[in-house]
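Spelled out from the first residue to the last, the chains are:
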Amino acid sequence: MSVETPEVLVVGAGPAGLAAADAARRAGAQVVLLDAAGDAGGQYWRHLPAERPAARERILHHGWGKFTALRGQDVLTDAQVWLAERHDDRPPTLHVLVGPADGRDRVRKTFAPKALVLATGAYERTLPFPGWDLPGVFTAGAAQALAKSERIAVGRRVLVAGAGPFLLPVASSLVRTGAGVVGVLEANGWPRLARGWSRRPAELLATRHKGGELAGYVRDLVRHRIPYRAATAVVAAHGTDRVEAVTVARLDPRWAPIAGTDEQIEVDAVCVSHGFVPRVELAVSAGCGLDAYGAVVTDDDGRTTVAGVFAAGEITGVGGADLALAEGVVAGLAAAGSAASAAQRRARSDNQAFAARLEAAHGIRPGWTGWLGDDTLVCRCEEVTAGDLRAGAAATESRGLRSLKLSTRAGLGVCQGRVCGRTVEELLHRHTGGLLDRGRTESRPLAAFVRLGELAATEQVAEEKEPL
Amino acid sequence: MTLPITVVVDGVAMPGVAGQTVAGVLMGAGRLSWRTTRNGRPRGVFCGIGVCHDCLVVVNGLADVRACQRRAIDGDEISTEEQA
């Protein structure tokens, strides 16, 4: 199998990756840009596929003009990186399967780039609550994806809940695809929101695009008379084969539900998001250092701790599309051996303030475990409950995440702990009085699910599913 | 212009349009869940972006395909339960 050796390989064609590839190309580098999805745009600029052209695509998007300018680039789509093979003296070699998602006859490609830019984005963190595995309970991102790339409204009476500004564009997309939204619930109270959002007005000015974007979503809430309630959460979902109602409760500032505030609301869908987890499996495979939040550490040029490997966008800390674009430009230029201008660097650092404010105003608080019951599922794949985790920790007296995962099976299912990993770590950390190996959930030898049969013809011998 | 397609779900023809994912076709037809866990709990789309693997289906005899990621192709045979 031939190995391609581009000057710059960019993984991920969302805002950061598109900007990085574009900047590197403008600096004269030969670039390959790839993405696992069938289209460029990432999660932010999700859109109807080419087979379903929509005249009014723009109304569902912010910065659509920017995307239109960036999307003309060559993008290798349906390209799933499954292994990063580390080297001591150069960026890793990436092994890629190209073809229909989870197919069996995909084309194998191998890239040994001179410089690698990782722009793999983030996925949502959704905290468990009783009934969260009922059909009709979605991540907020699922509702957004179904609205933007399928034009499917997930329900007629939809409740949007969780924490963070992302709840607003989700509510907005829902009403623009014809769903009825009965409310938006933010777990944090007004005092924390006010501190987080209005403390440093200069930063708001620097991120004025973001401010304008949020204002647009708020207008949609007002126009559709959708109530926005602070310090409130969905603490249970009810139904047999699908969600029919939810219990919501007021939260204290630590996110602990306040007794006596329960209220039942009829719904046919719930969309929940409590924040984002950087998608770092490739970065971890490549050996890149992570910070305390599990994001890839970078310097002012987007360099990671591994020579020749750069990172941009949400994997370096969640901060939204404007920051991702700015980081992409800087990292793309650096990967091409060129330097960013003072203005380009300023755009990057101005937007980084947004990430800190996001965490200050909306970060997860520890009291949320107050809405868990012993029989609440934590790991959806292996169907491990909160009680199983507590019992497992008590029975083994182990403080090792690895051994506790093996004894409880939590996080060992087909999603490889991507949905529950941080929650499992948080709960076990408390039950054990402190885990010895916290953070290792992010360590996955294979970056994606692959079939043994598909790899049979390659030289690599890999297990289909690594147990930890 | 959209191009109509037909996929076969558990032996029954189901209409869709080119470019939809398998999950899009199923949800467009009003299906909210199509898989059961080993404990008998129903599952459909949860994350919608290929992370959670809740929405797995069998496509043309191949198991463990994420319905939210796989584009539906005219004539695809979808099975919602794995053959023993």
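Residues numbered from 1 in each chain as written. Chains lettered and ligands numbered in written order. Predicted model: local features only at pLDDT ≥ 70, side-chain atom pairs only at ≥ 80, totals over all residues. Heavy atoms only, no water.

Chain A goes by FAD-dependent oxidoreductase in an unreviewed UniProt entry, where it is assigned to Paractinoplanes aksuensis.

What follows covers the interface of chain A and chain B. Counting residues at the interface gives 45 residues for chain A and 36 residues for chain B. The tally of links from chain A across to chain B stands at six salt bridges. With a closest N to O distance of 3.0 Å, D133 of chain A and R41 of chain B form a salt bridge. Summed over the shared surface of chain A and chain B, the number is 15 residue pairs in polar contact (both at pLDDT 80 or more). Contributing elements (two or more residues each) for the side of chain A that touches chain B: strand 9 (137–139) and helix 3 (140–150) of chain A. Among the elements that take part in the side of chain A that touches chain B, helix 3 of chain A stands out by supplying five residues, more than any other. (Contact = heavy atoms within 4.5 Å. Salt bridge = Lys/Arg side-chain N within 4 Å of Asp/Glu carboxyl O. Polar contact = N/O pair within 3.5 Å; in protein donor to acceptor, adjacent residues only side chain to side chain. Helix = DSSP H or I, 4+ residues; strand = E, 2+ residues; numbered from the N terminus.)

A few words now on the sheet that holds strand 6 (residues 107–111) of chain A. Strand pairing in a sheet relies on backbone hydrogen bonds. The paired strands run either parallel or antiparallel. All names here are of chain A. Taking strand neighbours across the sheet as the criterion, the four strands line up as 1-6-5-4 in an open arrangement whose pairing is mixed. Among the strands making up the open sheet, the edge pair consists of strand 1 (3–4) and strand 4 (79–85). By the bridge criterion, five bridges tie strand 5 (residues 93–98) to strand 6 in an arrangement that is antiparallel. Bridged to L97 within strand 6 is R108. (Pairing = 2+ DSSP bridges.)

Nonpolar side chains tend toward joint burial in soluble globular proteins. In terms of nonpolar packing, the biggest core is built from 54 residues, with F138, V154, V160 and L174 of chain A together with W34, V45 and V57 of chain B touching the most fellow members. When residues of this core are assigned to their parent elements, the largest contribution, six residues, is made by helix 4 (residues 167–176) of chain A. Not counting residues up to four positions away in its chain, the partners in contact with V45 of chain B are V137, F138, A142 and L146 of chain A together with A23, M27, L32, W34 and C55 of chain B. Membership of the second largest hydrophobic core comes to 53 residues, among which are L134, A163, V234 and A393 of chain A. (Core = buried A, V, L, I, M, F, W, Y, C linked by side-chain atoms within 4.5 Å. Buried < 20%, exposed > 50% of the residue type's maximum accessible area, 1.4 Å probe, protein only.)

This next bit is on the packing of aromatic side chains. Residue and element names in this part refer to chain A. Using the criterion set out here, one finds seven aromatic pairs over all chains in the structure. Centroid distance W64 to F67: 5.0 Å. Interplanar angle 55°. Geometry classified as tilted. Of this pair, W64 and F67 are both found in helix 2 (residues 64–70), three residues apart, which corresponds to roughly one turn of the helix. The burial state of W64 is the same as that of F67; both residues are buried. Aromatic rings pair up to connect Y44, W45, W64 and F67 into one cluster. Positioned over the ring face of W132 is R380, at 4.8 Å from the centre of the ring. (Phe/Tyr/Trp six-rings, centres within 6.5 Å; stacked < 30°, edge-to-face > 60°. Lys NZ or Arg CZ within 6 Å of the ring centre and 35° of its normal.)

Attention now goes to the packing of helix 11 (residues 386–396) of chain A against helix 13 (residues 421–432) of chain A. Residues and elements named next belong to chain A. Where helix 11 meets helix 13, the closest approach of the two axes is 9 Å, and the angle between their N-to-C directions is 40°. Compared by their axis directions, helix 11 and helix 13 come out oblique. Judged by the twist between their axes, the crossing of helix 11 over helix 13 is right-handed. Touching L389, R390 and A393 of helix 11 are V424, L427, L428, H431 and T432, all from helix 13. Of the residues assigned to the contact of helix 11 with helix 13, the class counts are five nonpolar, two polar and one charged. (Axes fitted to C-alpha atoms, helices over the stretch in contact; angles between N-to-C directions. Parallel < 35°, antiparallel > 145°, perpendicular 65-115°, else oblique. Left-handed = near helix turned anticlockwise from the far one by under 90°. Nonpolar A, V, L, I, M, F, W, Y, C, P; charged D, E, K, R; others polar.)

Next up on the list: helix 13 of chain A. All names here are of chain A. Along its twelve residues, helix 13 runs 16 Å from first to last C-alpha, staying within 8% of the 16 Å computed at 1.5 Å per residue. Within helix 13, the full set of buried residues consists of G421, T423, V424, E425, E426, L427, L428 and T432. Positive phi appears at G433, one or two residues downstream of helix 13, with a value of about 75°. (Expected span 1.5 Å × (residues − 1).)

Turning next to the sheet that holds strand 11 (residues 181–186) of chain A. Residue and element names in this part refer to chain A. Across the sheet, which stays open at both edges, the five strands sit in the order 9-16-10-11-12 with parallel pairing between neighbours. Pairing within the sheet leaves two strands with one partner each, and these edge strands are strand 9 and strand 12 (228–229). Relative to strand 16 (residues 269–273), strand 9 is paired through three bridges, and the arrangement is parallel. Residue pairing for strand 16: V137 is matched across the bridge by V270. Relative to the sheet, helix 3 contacts strand 9 and strand 16, its axis offset from that of strand 9 by approximately 85°.

Turning our eyes to something else, we now look at the domain arrangement of chain A. All names here are of chain A. In terms of domains, chain A is made up of domain 1 (3–123 + 277–340), domain 2 (126–274) and domain 3 (372–437). Using only C-alpha atoms to locate each centre, domain 1 and domain 2 end up separated by 29 Å. Contacts between the two partners involve 17 residues from domain 1 and, on the opposite side, twelve residues from domain 2. Between domain 1 and domain 2, a total of about 1200 Å² is buried, with carbon and sulfur atoms accounting for 50% of that surface. Of all residues in domain 1, the largest losses of buried area upon contact with domain 2 belong to R46, L60 and H62, amounting jointly to 44% of the total for that side. Summed over the shared surface of domain 1 and domain 2, the result is four residue pairs in polar contact (both at pLDDT 80 or more). In terms of residue class, the side of domain 1 that touches domain 2 is built from seven nonpolar, six polar and four charged. (Domains from an automatic or database assignment. Buried area = accessible area lost by both parts, 1.4 Å probe.)

Bringing helix 4 of chain A into the picture now. In an α-helix, one turn spans 3.6 residues, which is why side chains three or four residues apart end up on the same side. Residue and element names in this part refer to chain A. Where burial is concerned, most of helix 4 is hidden: nine out of the ten residues are buried. Within the span of helix 4, buried status applies to L167, L168, P169, V170, A171, S172, S173, L174 and V175. Positive backbone phi, approximately 95°, marks G178, located one or two places after helix 4.

Along a regular strand, successive side chains alternate from one face of the sheet to the other. Residues and elements named next belong to chain B. Judged from the six bridges that link them, strand 1 (residues 4–9) and strand 2 (residues 12–17) form a sheet pairing that is antiparallel. Among the inter-strand pairings, V7 is bridged to a residue of strand 2, identified as M14. Between strand 1 and the antiparallel strand that follows it, strand 2, lie two residues; D10 among them carries a positive phi value of about 50°.

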